[in-house]
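The chain contents come next:
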Amino acid sequence: MPSTLPTRMVIDLPNWVGDQVMALPAVDRLVAANAGGETTLHSRPAGRRLFASLFPMAEVVASPPKCSPITTARRLCRDGGRFDVGITLRHASRAKICLRLTARRSLGSDGDGGRLLLSERYPVDRSRHQVFDADPILEGLGLSGVDPRWRPSLPLELVEEGARELRRAGVVRDGAIGVAPACARGETKRWPAAAYGELARRMRGRGLEVVVVIGPGEAELGRQVVAAAGRPLPVVGGDVDVAGLAGVLARLSVLVCNDSGPMHLAAAVGIRMVALFGPTDPRRTGPLGDRHVVLRRDLECAPCRARSCALGHAACLRELPVERAERAVLEMLGRG
């Protein structure tokens with residue numbers, strides 16, 4: 001199908017940080033194809049500054065998570081009326097209601113009301129990596145699919161901001177090792193805070209600098225990691241947005257993390273990473289690129305993709321040995 005771009009277009013972005021990062025290659029394809037038109041990106045407030053930094057040619061409008069579809073539509077259309085083309089990269093019915101109100105031609109996935117609410121609906125192939133979920137939408141607009149090798153060019157001011165945040169937290173040298181113990185949507189996706197603390201203690205014992213990377217509302221988890229380490233550790237990230245976190249991650253040498261937003265953000269900025277997987281499937285949501293290693297236990301029940309363990313033990317991640325993560329970090333640093 002021939003492309004109808006450039007035009008007046010709105011792109012509704014995912015809610016969660018990891019989903020936002022995996023959508024970036026598709027967003028880049030859409031924004032570039034709409035050069036000469038008008039592009040509006042709709043995001044959550046925490047991600048607004050990152051999208052504005054990466055796509056300065058687009059307008060970024062932010063809405064809080066609980067904002068109603070009607071209020072969001074009014075916010076998006078307040079200056080120029082309805083858009084010619086609207087794309088939602090979310091699967092929720094609320095997003096599709098908003099898009100129906102916002103754009104004359106609406107494209108998105110066919111689930112969660114898509115068949116009723118959208119003018120063009122496409123299936124999601126969950127056997128492929130999530131980065132390819134937008135390919136049918138792109139093809140519906142006459143564009144080629146995403147390039148999974150695409151990486152954003154992080155503005156220098158964000159990298160410098162990350163360095164300042166690390167110094168403010170007490171990190172002395174560049175190239176510290178980061179441990180990011182949090183993740184959204186399910187305790188079973190988290191390696192225990194005690195394990196992160198033990199890994200940090202071992203790294204510090206080898207003379208390596210370690211920083212605990214958290215997000216807003218995760219201060220208690222950061223304290224648990226520090227307590228488990230048995231020694232003071234700098235903690236960073238509790239009061240930064242997604243753009244600030246990207247800058248922080250860009251200054252690290254290695255990040256150890258769960259399947260989480262920081263994992264995908266670290267892969268996007270190109271740092272080395274040890275990603276710990278339990279119930280989720282790295283073939284679907286694993287980090288992109290070649291600067292990482294994925295550690296997981298080979299169990300018959302994993303990956304189950306469940307938010308809670310049906311067997312009650314969550315051994316797929318809780319019993320992942322600290323020694324494996326330690327060895328992976330040392331090998332990345334050339335100390336294996």
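Since we're looking at a predicted model, the values are computed, not measured.

J.: Please provide a residue-by-residue account of empty space enclosed by the protein, values included.
T.: Over the atoms, a rolling probe the size of a water molecule traces out where space has been left empty. On inspection of all chains with the given rule, the structure shows three cavities of 30 Å³ or more. Volume-wise, the largest cavity comes out at about 110 Å³. Considering the residues around the largest cavity, the lining is formed by 13 residues, among which Val21, Arg151, His264, Ala268 and Leu288 are closest to the centre. Listed by contribution, the elements that provide at least two residues to the lining of the largest cavity are helix H1 (17-33) and helix H11 (261-269). Of all the elements, H1 adds the most residues to the lining of the largest cavity, at four residues.

J.: Give me the lowdown on the sheet that holds strand E9 (residues 235-236), citing residues and values where you can.
T.: One open sheet holds the six strands; their spatial order is E9-E8-E7-E10-E11-E12, and the pairing between them is parallel. One side of each edge strand has no neighbouring strand; the edge strands of this open sheet are E9 and strand E12 (292-295). Bridging between strand E11 (residues 272-276) and E12 involves four bridges; their strand directions are parallel. Across the sheet, Val274 pairs through a bridge with Val293, a residue of E12.

J.: Explain the pairing of strand E2 (residues 38-43) residue by residue, including any values.
T.: Across the six residues that make up E2, a large majority, five, are buried. As paired strands, strand E1 (residues 8-12) and E2 are joined by five bridges and run parallel to one another. The partner of Met9 across the bridge, within E2, is Thr39. Following the backbone out of E1, through H1 and into the adjacent parallel E2, one traces a crossover that is right-handed. Sheet topology note: the E2/strand E3 (residues 59-62) ladder contains four bridges and is parallel. By the bridge assignment for E3, Ser43 is matched with Ala62. Handedness of the β-α-β unit built from E2, helix H2 (residues 45-54) and E3 comes out right-handed.

Rules of the game
Residues numbered from 1 in each chain as written. Predicted model: local features only at pLDDT ≥ 70, side-chain atom pairs only at ≥ 80, totals over all residues. Heavy atoms only, no water. 1 Å grid on protein atoms, 1.4 Å probe; cavity = no way out; pocket = protein on both sides within 12 Å on 5 of 7 lines; lining within 4 Å. Points joined across faces, edges and corners; volume = space filled by probe spheres on them. Helix = DSSP H or I, 4+ residues; strand = E, 2+ residues; numbered from the N terminus. Pairing = 2+ DSSP bridges. Buried < 20%, exposed > 50% of the residue type's maximum accessible area, 1.4 Å probe, protein only. Right-handed = clockwise from strand over helix to strand, strands pointing away.

So, to be careful, I would describe these as geometric facts and stop short of saying anything about function.
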